[in-house]
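Chain by chain, the residues:
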Amino acid sequence: MTDTLTDKTKLIGLTGPMAAGKNAAADILREKGFVILDADVMAHGVLEAKADKIMKLFAQDARSRGLELTDSRGKLNRKNLGRIVFQNPEKLSLLESIIHPALNAEAEKLIAENPDRKFVINAALLHKMPLIKRCNLVLYIDAPALIRFIRVRKRDKLPFKRIAERFSAQKEIFTKCKNQNADIYRVGNSGTKKRLKNKIEAVLRVHTEKG
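Predicted model, so just to flag it, every value in this text is computed and none were measured.

A.B. asks: Help me understand helix H2 (residues 39-49) in this model?
C.D. replies: An α-helical turn contains 3.6 residues, so a residue and the one three or four places further along point in the same direction. Listing the buried residues of H2 in full gives Ala39, Met42, Ala43, Val46 and Leu47. Across the axial projection of H2, the buried residues extend over an arc of 145°, all falling on one side. Looking at H2, the residues exposed on the side facing more than 90 degrees away from the buried face are Val41 and Glu48. The inward-facing, buried residues of H2 contact strand E2 (34-38), helix H3 (51-57), helix H5 (78-85), helix H6 (89-113) and strand E3 (118-122). Here H2 starts with a cap whose side-chain oxygen sits 2.9 Å from the backbone nitrogen of Asp40, and that cap is Asp38.

As structure tokens, then:
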């Protein structure tokens, strides 16, 4: 596939549930000249910058569950924070209200500063970022739940309960993105990376031909 097929695609949204293969898709798009804005990586910076505020907000929750919100280095303990928010939709929404505006602002700034570059915003919760409105298209990477579960167990060694909590927190991502009027394409990823690459190239080709 030649670069001319992606010349008109300046911003791609990349989303999907946990362990579906978003990072593999990002690698494929990076090879095609896109700059990858990884929301997970950016979120770590936001969490660090706003750690004091976050620890104050969730201090009582942590105490009631016997959890420490700081690690041995005095940094925010993201794993324990996750154990609090992924079990409570209201707590998760509160944390997201802090993180997502900062993520969106940082991504918008990077894009504005590099008008000649092509970008991919890789974010599981892309539908909660206003930037989705600017995406030329959205790639929704998906895979069967069992395959995703096996990938998470192998990669993160999380217990079943915590995996189930995170899967539950990401329900209906496709519909929520579609409701943002996104030009969205579902891309299955239950096979090899080569097959995923072929599927992504086919989507880019169709999108480009649509004009």
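A.B. asks: Please clarify how the sheet that holds strand E5 (residues 184-188) should be interpreted in this entry.
C.D. replies: Strand pairing in a sheet relies on backbone hydrogen bonds. The paired strands run either parallel or antiparallel. Strand order across the open sheet formed by five strands is E2-E3-E1-E4-E5, with parallel pairing between neighbours. Among the strands making up the open sheet, the edge pair consists of E2 and E5. On average, each strand axis in the sheet is tilted by 25° relative to the strand beside it, whichever way the strands run. Where strand E4 (residues 137-142) meets E5, five bridges bridge the pair, whose relative direction is parallel. Across the sheet, Ile141 pairs through a bridge with Val187, a residue of E5. Against the sheet, helix H1 (residues 22-31) touches strand E1 (11-15), E2, E3 and E4, its axis set at about 155° to E2.

Rules used in this analysis
- Residues numbered from 1 in each chain as written.
- Predicted model: local features only at pLDDT ≥ 70, side-chain atom pairs only at ≥ 80, totals over all residues.
- Heavy atoms only, no water.
- Buried < 20%, exposed > 50% of the residue type's maximum accessible area, 1.4 Å probe, protein only.
- Helix = DSSP H or I, 4+ residues; strand = E, 2+ residues; numbered from the N terminus.
- Arc of directions from axis to C-beta.
- Contact = heavy atoms within 4.5 Å.
- Polar contact = N/O pair within 3.5 Å; in protein donor to acceptor, adjacent residues only side chain to side chain.
- Pairing = 2+ DSSP bridges.
- Axes fitted to C-alpha atoms, helices over the stretch in contact; angles between N-to-C directions.

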